[in-house]
Amino acid sequence: MAAVQLIGIFKRFGDVQVVHGVDLEIADGEFVVLVGPSGCGKTTLMRMVAGLEEISGGELLIGGQHANHLPPQKRNIAMVFQSYALYPHLSVYENIAFGPRLRKEPESEFRPRIQAVAKMLDLTPYLARLPRALSGGQRQRVAMGRAVVREPELFLFDEPLSNLDAKLRVQMRTEIKALHQRLKNTVIYVTHDQIEAMTLADRIVVMNAGNIEQVGRPLELYDHPANLFVAGFIGSPAMNFIDGTVTAVENSLVLETDSGAAFPLPAESAALGQRVTLGIRPEHVELTQHGPIALPVDVVEPTGAETHFYSRIGDAPFCVAVHHRLDIAPGQQVHLRFPADRVHLFDSQSGARIN
Ligand code: ATP
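What counts, and where the lines are drawn
Residues numbered from 1 in each chain as written. Predicted model: local features only at pLDDT ≥ 70, side-chain atom pairs only at ≥ 80, totals over all residues. Heavy atoms only, no water. Helix = DSSP H or I, 4+ residues; strand = E, 2+ residues; numbered from the N terminus. Contact = heavy atoms within 4.5 Å. Domains from an automatic or database assignment. Buried area = accessible area lost by both parts, 1.4 Å probe. Salt bridge = Lys/Arg side-chain N within 4 Å of Asp/Glu carboxyl O. Polar contact = N/O pair within 3.5 Å; in protein donor to acceptor, adjacent residues only side chain to side chain. Nonpolar A, V, L, I, M, F, W, Y, C, P; charged D, E, K, R; others polar. Patch = residues over 30% accessible without salt bridge, like charges linked within 9 Å, V, L, I, M, F, W, Y side chains within 5 Å. Areas by Shrake-Rupley, 256 points an atom, 1.4 Å probe, with all protein chains shown as cover. 1 Å grid on protein atoms, 1.4 Å probe; cavity = no way out; pocket = protein on both sides within 12 Å on 5 of 7 lines; lining within 4 Å. Points joined across faces, edges and corners; volume = space filled by probe spheres on them.

(A) Inspection of the environment of isoleucine 77 at higher detail. Secondary-structure assignment places isoleucine 77 in strand E6 (residues 77–80). Taking the C-alpha atoms as reference, isoleucine 77 lies 18 Å from asparagine 95; in sequence the two are 18 residues apart. In contact with isoleucine 77, other than residues within four places in its own chain, are Val49, Ala50, Ile62, Arg150, Pro152, Leu154 and Leu156.

This is the structure we're talking about:
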């Protein structure tokens, strides 16, 4: 069993604290993805779980056992990194066999395991090849095979797909998900790619500057981001934000921007005079014939399945995404509506969600 608990975990490098008391419970068999911008502490947190980085404070439990000082090799963990770190002079088979050989397991015991792993990862035809004769995706599968053959209770993935091209990344993402569905072991996966996080995770942990901003299922974070940071980080294209002050016009609440533009707000959503930030996802903006909001189109981006276009509200860019082709050109005026149940409101000062 490999449930993982982090209780008030701190990390300092010399005088600099980079992880500030993180609490997180990961259930046995759960696929948890850590996301956040560069430098927020994702890798450091994972290296502490792996035993590759000393824990400065707090408690780490793996499978219910106190693990702060457990040596890495006693943690029953396998890691897959961004760089595949394969031995170039060893065949695929020998790369996967490296760990079992090191542990002096008899080959008659680990050979069937390697054959099973190779079959699962579609590596059987390549077992005799050297890594340089493999594609990037195949090499990444060998790195995974090496991890899987150890039959670990806990898998740690640190940006395993970021060296691959876009198409291969999508393919490997599906393979990792299928692998987890088969093996059902606990996974902690680090990425800064929020699409990867959304598609892979049972739960996502959004980190920022050494703290956890929110933990939740992917669609929970998408539908109810707890604050401006999570709202802006989860979703692509990113949520639009409009800052202003809550005022009343003819008994209805509106958000009035500093440049005097007004946007209807859902009833009783905020207090009069409050400084708020309205958030609306590009895919939730509705195009109408005579909607309350009129904007000029600056840039149009057809993607085939969708059309994205960009405008500005005050100084802030504003994006609209529709799931069809749209005959629209720069300079044209469009009318928009924000459906009340799609509007997110945040306190501008604290960033906290208020509706
Ligand atoms: P990225 O997505 O860029 O890999 P990350 O979220 O994984 O970023 P970490 O690598 O965990 O971030 O780094 C967190 C912070 O700790 C950064 O500010 C980094 O500069 C700092 N840091 C990491 N390792 C060390 C170290 N050995 N000595 C000093 N500071 C370090």
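So that's the structure; there's more coming.
(B) Seen up close, the domain arrangement of the chain. Split into domains, the chain comes out as domain 1 (4–232) and domain 2 (239–347). Taken over C-alpha atoms, the centre of domain 1 sits 39 Å from the centre of domain 2. Taken together, the contact between domain 1 and domain 2 spans eight residues of the former and nine residues of the latter. Taken together, the two surfaces of domain 1 and domain 2 that pack against each other cover about 680 Å², and 61% of this comes from carbon and sulfur. The largest per-residue losses of area from domain 1 upon contact with domain 2 belong to Tyr222, Leu228 and Ala231, which jointly make up 73% of the total buried on that side. For the pair domain 1 and domain 2, the number of links is zero salt bridges. Here domain 1 and domain 2 share three residue pairs in polar contact (both at pLDDT 80 or more) between them. Residue assignment for the side of domain 1 that touches domain 2 shows that the elements contributing at least two residues are helix H7 (218–223) and helix H8 (228–233). Counted by class, the side of domain 1 that touches domain 2 contains five nonpolar, two polar and one charged residues.

(C) The arrangement of a nonpolar patch on the surface in detail. Taken together, the side chains of Tyr87, Phe98 and Leu102 present a nonpolar region at the surface, about 280 Å² in accessible area. With respect to the helices and strands, phenylalanine 98 occurs in helix H2 (residues 92–102).

(D) Seen up close, empty space enclosed by the protein. All told, the structure shown has two cavities of 30 Å³ or more when counted by the stated rule. In terms of lining, the largest cavity is formed by Phe31, Phe155, Phe157, Ile176, Leu179, His180, Leu183, Asn185 and Val187. Contributing elements (two or more residues each) for the lining of the largest cavity: strand E7 (154–158) and helix H5 (166–183). The element that contributes the greatest number of residues to the lining of the largest cavity is H5, accounting for four residues. In the lining of the largest cavity, the residues fall into seven nonpolar, two polar and no charged. If you go around the second largest cavity, the residues you meet are Leu6, Leu24, Ile26, Leu34, Leu45, Met46, Val49 and Ile188. Looking at the lining of the second largest cavity, the elements with two or more residues in it are strand E2 (16–26) and helix H1 (42–50).

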